[in-house]
Amino acid sequence: MNEIPEARRADVRKGGVLRTVALLLCPGWDLVSDRFQAVELLRGAGVPDSAYDVQDANPALPEIDAESMPRLLRRDGRWSVGATERGRFSGRAYETEAEAARAFIQTVIALEAVSMGGVGVGGKKIEPHIRPRYQEAARRALAEASALLSGAS
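Computed from a predicted structure; not experimentally measured. (Residues numbered from 1 in each chain as written. Predicted model: local features only at pLDDT ≥ 70, side-chain atom pairs only at ≥ 80, totals over all residues. Heavy atoms only, no water.)

Comments concerning the packing of aromatic side chains
What describes a pair of aromatic rings is the distance from one ring centre to the other and the angle between the planes of the rings. Scanning all chains against the criterion turns up 1 aromatic pair. Consider the rings of Tyr52 and Phe104, whose centres lie 5.9 Å apart with planes at 80°: the pair is edge-to-face. One end of the pair, Tyr52, is in the loop between helix H2 (35-44) and strand S1 (53-54); the other, Phe104, is in helix H3 (residues 97-113), with 52 residues separating them in the sequence. (Phe/Tyr/Trp six-rings, centres within 6.5 Å; stacked < 30°, edge-to-face > 60°. Helix = DSSP H or I, 4+ residues; strand = E, 2+ residues; numbered from the N terminus.)

Section: the nonpolar core
Taken as a class, soluble globular proteins show a tendency for nonpolar side chains to be buried jointly. In terms of nonpolar packing, the biggest core is built from 32 residues, with Leu42, Val47, Tyr52, Leu72, Phe104, Ile109 and Ile130 touching the most fellow members. Those elements that provide at least two residues to this core are helix H1 (6-23), H2, strand S3 (78-85), H3 and helix H4 (132-150). The element that contributes the greatest number of residues to this core is H3, accounting for 8 residues. The residues touching Ile130, leaving out its near neighbours within four places in the chain, are Leu18, Val21, Ala22, Ala113, Val114, Gln135 and Ala138. (Core = buried A, V, L, I, M, F, W, Y, C linked by side-chain atoms within 4.5 Å. Buried < 20%, exposed > 50% of the residue type's maximum accessible area, 1.4 Å probe, protein only. Contact = heavy atoms within 4.5 Å.)

Examining the packing of H2 against H3
At a closest axis distance of 9 Å, the pairing of H2 and H3 adopts a crossing angle of 20°. As summarised for this structure, H2 and H3 are arranged roughly parallel, according to the angle between their axes. In this structure, H2 meets H3 at a crossing whose hand is right-handed. Between H2 and H3, the contacting residues are Arg35, Ala38, Leu41 and Leu42 on the first element and Glu97, Ala101, Phe104, Ile105, Val108 and Ile109 on the second. Per-class residue counts for the contact of H2 with H3 are 8 nonpolar, no polar and 2 charged. (Axes fitted to C-alpha atoms, helices over the stretch in contact; angles between N-to-C directions. Parallel < 35°, antiparallel > 145°, perpendicular 65-115°, else oblique. Left-handed = near helix turned anticlockwise from the far one by under 90°. Nonpolar A, V, L, I, M, F, W, Y, C, P; charged D, E, K, R; others polar.)

Quick look at the structure:
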């Protein structure tokens, strides 16, 4: 099993919280029933079509441009979420399109809206963060969630 080094645990925790926050950018993501709804939710959250590839649901990209980006497609009678690396697709298969679409939204939002940080120029540590273009939407979503939790409407 892959154990998280003690030095990285705080960053992984922060990144996990930020990924959860990022899902608030796509209200209803857990109710999606197909790939077309997944694309509409991602578009509504401001994620450009060029950030992912969904079979028959968003503009098709040349295979070379789709390299390494999240993909949702039908393979061997099942729906798969993964990526193509060096011409070879790898990912996880799901029994239903709905399950795959929900997993796909989580994957795309995690990659597009959240940075897990790391080491920058000159060895400077970069904290996990919501990418700037999604920060205001995340703040609004958190304020709405906070109001719901406190009972205000």
